Amino acid sequence: MRVLLLGGTSEASQMAKALSQAAVNSVFSYAGRTNAPVPQPLPTRVGGFGGVAGLAAYLRREAITHVIDATHPFAAGMSRNAYAACTQTATPLIRLERPAWQAQSGDDWTFVPTLEDTVAALPDEPARVFLAIGKQHIGLFATKPQHHYLLRLVDVPVGDLPLPYTAVVIARGPFDVAQDLALLQDHEITHIVAKNAGGRGAEAKLTAARQLGLPVILADRPALPGQNIAADIGAVMAWLGHDQVALRGV
Ligand code: 3Y8
Ligand code: NAP
């Protein structure tokens with residue numbers, strides 16, 4: 001057995017620990033999006049594979065027998081490529097996916113189909129918006145320059161930002177409620193824009209918004225191929241035939 005773990009999320013880091021504990025022959029993969037990703041307890045490769053063909057060639061060259069897609073629900077490109085390359089090479093694939101966030105009674109949440117639709121969901125009169133979507137899609141909001149945008153980024157941005165009124169916070173989650181409460185209050189935030197990423201690593205801002213009664217605009221996650229989906233590490237370990245480790249809990 002030789003496992004390729006497509007990582008980049010909290011769940012992937014937990015998955016890496018379980019594979020390492022079970023001494024499963026594995027390699028961890030980062031896209032190389034951030035300058036200094038968190039180290040993993042597995043041999044790690046960083047960077048794209050070169051599309052579907054590149055990934056298929058990698059699977060063959062490295063004699064990968066199983067692929068775990070533990071990337072993010074919005075990492076649609078990687079997930080779609082993994083599905084295509086694993087189909088082409090008949091490599092078993094499982095996606096480790098956390099459930100979407102659900103609104104609770106009293107929440108002022110607006111769900112929109114895509115990240116692009118979150119822009120239209122913002123008001124026209126100037127607001128103070130916590131844009132908790134990272135760096136790659138900030139440009140979408142250039143059509144509503146009237147707002148003050150609070151950006152939380154993993155790395156210091158290089159070059160100009162595409163928005164005139166911004167405040168930038170550099171932080172790599174996971175985040176906690178006290179931190180996010182203070183952030184929302186210090187920046188007098190009136191609206192939050194986020195992806196429905198699910199998971200605990202990014203949930204604090206929603207809990208903080210709930211406590212402050214702030215409106216949240218959430219983009220639904222893109223549709224992904226593949227039906228073999230696990231909701232937790234134990235299910236993936238069982239799929240690999242390593243149930244005994246799963247019972248120990250990780
Ligand atoms: C490079 C690896 C771990 C993984 C931690 C999770 C939790 C903290 C919350 C907010 C939302 C956002 C963003 C976010 C979170 C975890 C997880 C998660 C959201 C790192 C990481 C990599 C990335 C890539 C980065 C994206 C960006 C998205 C910031 C490491 C820290 C907004 C997603 O600068 C960039 O280009 C950043 C790009 C993709 C989304 C975007 O479009 O900008 N994640 N995030 C991975 C790689 O190279 O393969 O640097 O250590 C991982 C984590 N980020 O091991 O504990 O599991 O979700 N990541 C979102 O949810 O909307 C922040 O600020 O509230
Ligand atoms: P994406 O748009 O789905 O993928 C774009 C390309 O990046 C892929 O085609 C692939 O390049 C490369 N890539 C993505 N993930 C990779 C991985 N784990 N290992 C090797 N190559 C990878 O990806 P993204 O949304 O930018 O996400 C990039 C990374 O950040 C992923 O690890 C993801 O788990 C993590 N992340 C993303 C988000 C988010 O909001 N999107 C949130 C938290 C963490 P090639 O085509 O060249 O192979």
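The name that an unreviewed UniProt entry assigns to the protein is Precorrin-6A/cobalt-precorrin-6A reductase, with the source organism given as Sulfitobacter mediterraneus. In its Pathway (unreviewed entry) section, the UniProt record describing the protein reads: "Cofactor biosynthesis; adenosylcobalamin biosynthesis."

Just to check I follow, could you spell out the side chain of Thr-89 for this structure?
The topology assignment puts Thr-89 in helix H3 (residues 76–89). By relative accessible area, which is 18% here, Thr-89 ends up buried. Polar contacts involving the side chain of Thr-89 include one to the main-chain carbonyl oxygen of Ala-85, which spans 2.8 Å. Separated by 2.6 Å, the side chains of Thr-89 and Thr-91 make a polar contact. If sequence neighbours within four positions are ignored, Thr-89 has contacts with Ala-56, Leu-59 and Arg-60.

Would you explain helix H1 (residues 10–21) in this entry?
Spacing of three or four residues puts side chains on the same side of an α-helix, whose turn is 3.6 residues. Over its 12 residues, H1 runs 17 Å from end to end, which matches the ideal 16 Å to within 8%, given 1.5 Å per residue. Along H1, the positions that sit buried rather than exposed are Glu-11, Ala-12, Ser-13, Met-15, Ala-16, Ala-18 and Leu-19. Where H1 terminates, the next one or two residues include Ala-23, which has phi positive at roughly 55°.

Mind showing me how you'd approach the site of ligand 2 here?
Of all residues adjacent to ligand 2, which total 23 residues, the nearest are Gly-7, Ser-29, Arg-33, Phe-49 and Lys-195. For ligand 2, an oxygen atom lies 2.7 Å from a polar atom in the side chain of Arg-33. If ligand 2 stood free it would expose 810 Å²; the protein chains cover 78% of that surface. Of all the secondary-structure elements, those providing two or more residues to the shell around ligand 2 are strand S2 (26–30) and H3.

Procedures and definitions
Residues numbered from 1 in each chain as written. Chains lettered and ligands numbered in written order. Predicted model: local features only at pLDDT ≥ 70, side-chain atom pairs only at ≥ 80, totals over all residues. Heavy atoms only, no water. UniProt positions renumbered as here; feature names shortened; annotations may be inferred. Helix = DSSP H or I, 4+ residues; strand = E, 2+ residues; numbered from the N terminus. Buried < 20%, exposed > 50% of the residue type's maximum accessible area, 1.4 Å probe, protein only. Polar contact = N/O pair within 3.5 Å; in protein donor to acceptor, adjacent residues only side chain to side chain. Contact = heavy atoms within 4.5 Å. Expected span 1.5 Å × (residues − 1). Near = heavy atom within 4 Å. Areas by Shrake-Rupley, 256 points an atom, 1.4 Å probe, with all protein chains shown as cover.

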